[in-house]
Amino acid sequence: MTKEDLKFYKDKKVLITGHTGFKGSWLSQILVLAGAQVTGYSLEPPTKPSLFEEAKIAERINHVVGDVRDREKLMQVFSEVQPEIVIHLAAQPIVRESYKDPVGTYETNVMGTVNICEAVRQTPSVKSFLNVTTDKVYKNNEWCWGYREDEPLDGYDPYSNSKSCSELVTHSYINSFYKDMDVAVSTARAGNVIGGGDYAPDRIIPDCVRAAEKSEDIVVRNPYSTRPYQHVLEPLNVYLTIAKEQYLDHTKAGFYNVGPDESDCVTTGDIVDIFCEYWNRYSFLESEEHGGSVYKELTWINKHDGGPHEANFLKLDCSLVKQTFGWKPVWNIDKAIEMVVKFSKRRLSEPEAITDEMNAEIREFFGE
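What counts and what doesn't
- Residues numbered from 1 in each chain as written.
- Predicted model: local features only at pLDDT ≥ 70, side-chain atom pairs only at ≥ 80, totals over all residues.
- Heavy atoms only, no water.
- Helix = DSSP H or I, 4+ residues; strand = E, 2+ residues; numbered from the N terminus.
- Contact = heavy atoms within 4.5 Å.
- Pairing = 2+ DSSP bridges.
- Axes fitted to C-alpha atoms, helices over the stretch in contact; angles between N-to-C directions.
- Expected span 1.5 Å × (residues − 1).
- Buried < 20%, exposed > 50% of the residue type's maximum accessible area, 1.4 Å probe, protein only.
- Polar contact = N/O pair within 3.5 Å; in protein donor to acceptor, adjacent residues only side chain to side chain.
- Salt bridge = Lys/Arg side-chain N within 4 Å of Asp/Glu carboxyl O.

Participant: Help me understand the side chain of lysine 345 in this model?
Facilitator: With respect to the element layout, lysine 345 can be found in helix α11 (residues 333-349). With residues near it in sequence (within four places) discarded, lysine 345 still touches Trp279, Tyr282, Ser283 and Glu286.

Participant: Can you help me understand the sheet that holds strand β3 (residues 62-65) in this one?
Facilitator: Backbone-to-backbone hydrogen bonds pair the strands of a sheet. The strands run either parallel or antiparallel. Taken together, the seven strands give an open sheet; going across it, the order is β3-β2-β1-β4-β5-β6-β11, and neighbouring strands pair in parallel fashion. Strands with a single pairing partner mark the edges of an open sheet, and in this sheet they are β3 and β11 (255-258). Across this sheet, the average inter-strand angle for adjacent strands is 15°, counted without regard to direction. Of the strands in this sheet, β1 (13-17), β2 (37-42), β4 (85-88), β5 (128-132) and β6 (184-190) touch helix α1 (residues 22-34), which is tilted by about 170° from β1.

Participant: Where do I start with α11 in this structure?
Facilitator: When the terminal C-alpha atoms of α11 are compared, their 25 Å separation across 17 residues agrees well with the 24 Å that a helix rising 1.5 Å per residue should span. Taken together, the buried positions of α11 are Ile333, Ala336, Ile337, Met339, Val340, Val341, Phe343, Ser344, Lys345 and Arg347. At the N-terminal boundary of α11, the capping side chain belongs to asparagine 332, with an oxygen 3.2 Å from the backbone nitrogen of aspartate 334.

Participant: Please clarify how the environment of methionine 75 should be interpreted in this entry.
Facilitator: Structurally, methionine 75 is set in helix α3 (residues 71-81). Residue methionine 75 is classed as buried on the basis of its relative accessible area, which comes to 18%. Along the sequence, methionine 75 and asparagine 62 sit 13 residues apart, while their C-alpha atoms lie 16 Å from each other. Methionine 75 has contacts with Glu118, Ala119 and Gln122, leaving out every residue within four places of it along the chain.

Participant: Just to check I follow, could you spell out the side chain of aspartate 317 for this structure?
Facilitator: By the element assignment, aspartate 317 lies in the loop between β13 (300-302) and α10 (319-325). Judged by relative accessible area, aspartate 317 falls into the buried class, the value being 17%. With residues near it in sequence (within four places) discarded, aspartate 317 still touches Gly146, Tyr147, Arg148, Glu149 and Asn257.

Participant: For this particular structure, what's the right way to read the pattern of salt bridges?
Facilitator: Where charged atoms from two side chains of opposite charge approach closely, those side chains can pair. A full pass over the atoms with the stated rule returns 23 salt bridges. Note that glutamate 118 is salt-bridged to arginine 121, the shortest N-O span being 2.7 Å. Of this pair, glutamate 118 and arginine 121 both sit in helix α5 (residues 102-121), three residues apart, roughly one helical turn. When its relative accessible area of 11% is taken as the criterion, glutamate 118 is described as buried. On the accessibility criterion, arginine 121 (31% relative accessible area) is partly exposed. By sharing partners, the salt bridges in this structure join Lys342, Arg346, Glu350 and Glu357 into a single network.

Participant: What's the story with the pairing of β4 in this structure? I'm lost.
Facilitator: Successive residues of a regular strand alternate their side chains across the two faces of the sheet. Every second residue of β4 is oriented toward a common face, with Ile85 and Ile87 on one face and Val86 and His88 on the other, all of them buried. Direction of pairing for β1 relative to β4: parallel, over a ladder of four bridges. Counterpart to leucine 15 in the pairing with β4 is valine 86. Of the strand pairs in this sheet, β4 and β5 are connected by four bridges, and their pairing is parallel. Bridge assignment links isoleucine 85 to a residue of β5, and that residue is serine 128.

Participant: Even after reading the chapter, I still don't get the environment of glutamate 151, so can you show me in this structure?
Facilitator: Following the sequence through the fold, glutamate 151 ends up in the loop between β5 and α6 (158-176). On the basis of relative accessibility, which here comes to 19%, the residue glutamate 151 falls in the buried class. Residues glutamate 151 and valine 137 lie 14 residues apart in sequence; the distance between their C-alpha atoms is 9.7 Å. The residues contacting glutamate 151, other than those within four sequence positions of it, are Tyr138 and Trp143.

Any link to function would need more than the numbers given here.
Shown next as structure tokens:
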């Protein structure tokens, strides 16, 4: 999707669930720049600090605080807004948290999806609906090749399994209701995302940023696990492409993997190495600007903490989304991590410029 393609969203009524989260904040800002009428439905931001608050996104959209488990309130918002496009991001997204609170995780990720699907079913204005799940929906056999969309769904932990259930709920609504309605429905199974403004716990890049800001060693729990890392703007680009194209042509609806090229499916240790390289490079340039002041070189240590089960190897085959929409990634893993470091450094030096930084990155990514 290019800057020209984004013009499709001008004046479109778009409802996003989970808009106060990391991905939701970036998605909201893209749509604001595109001229869409954005309504966000979500709990308060899940982290302190939060990108949503730092970028003051609530000032530029219709910001509604609500729980996807609250079907009555959700239905009321759908009725008032009459959205044309719905993108469902709201979830309990942390694997470790799902072990601590499996019931809450299933309530949010499964019944929350049921409530969204039901709201879409009862709102004729909706022409395009996308449910965003995760690459972890697949039964993980630790294969060396990428999973395709027709592989069995059976996530291991409560988070992954609940997102598998979210997929199945959506499939059932498609078969039982949506196929007879004027609405196109897809799901998108995205890999791990990184980017500026992610402050979530138990994620490797936020852990790197927090350690770097404190001049501490980065603690890496599982440096040999392989994940499909991509900059947050990559999957958001695909979500917007799917939502647009299926709006215009219902035959484009389907179930799509969204991940980086195989060369960017790297180990956690590799990710941290690249982060340290860019952080140290930017720090060196900063020290040169200030007369060569000494800075502590950032490093990391391998320290497994005996946490819950995590897959060691996981990647996606994204042939279908590439073939269907002509999509290809814009930024490779090196560029993605450089942008994280650039964002984080600017946030430290100019905290009031976060919105400007987001806008600059969005415009660069979409070719302006």
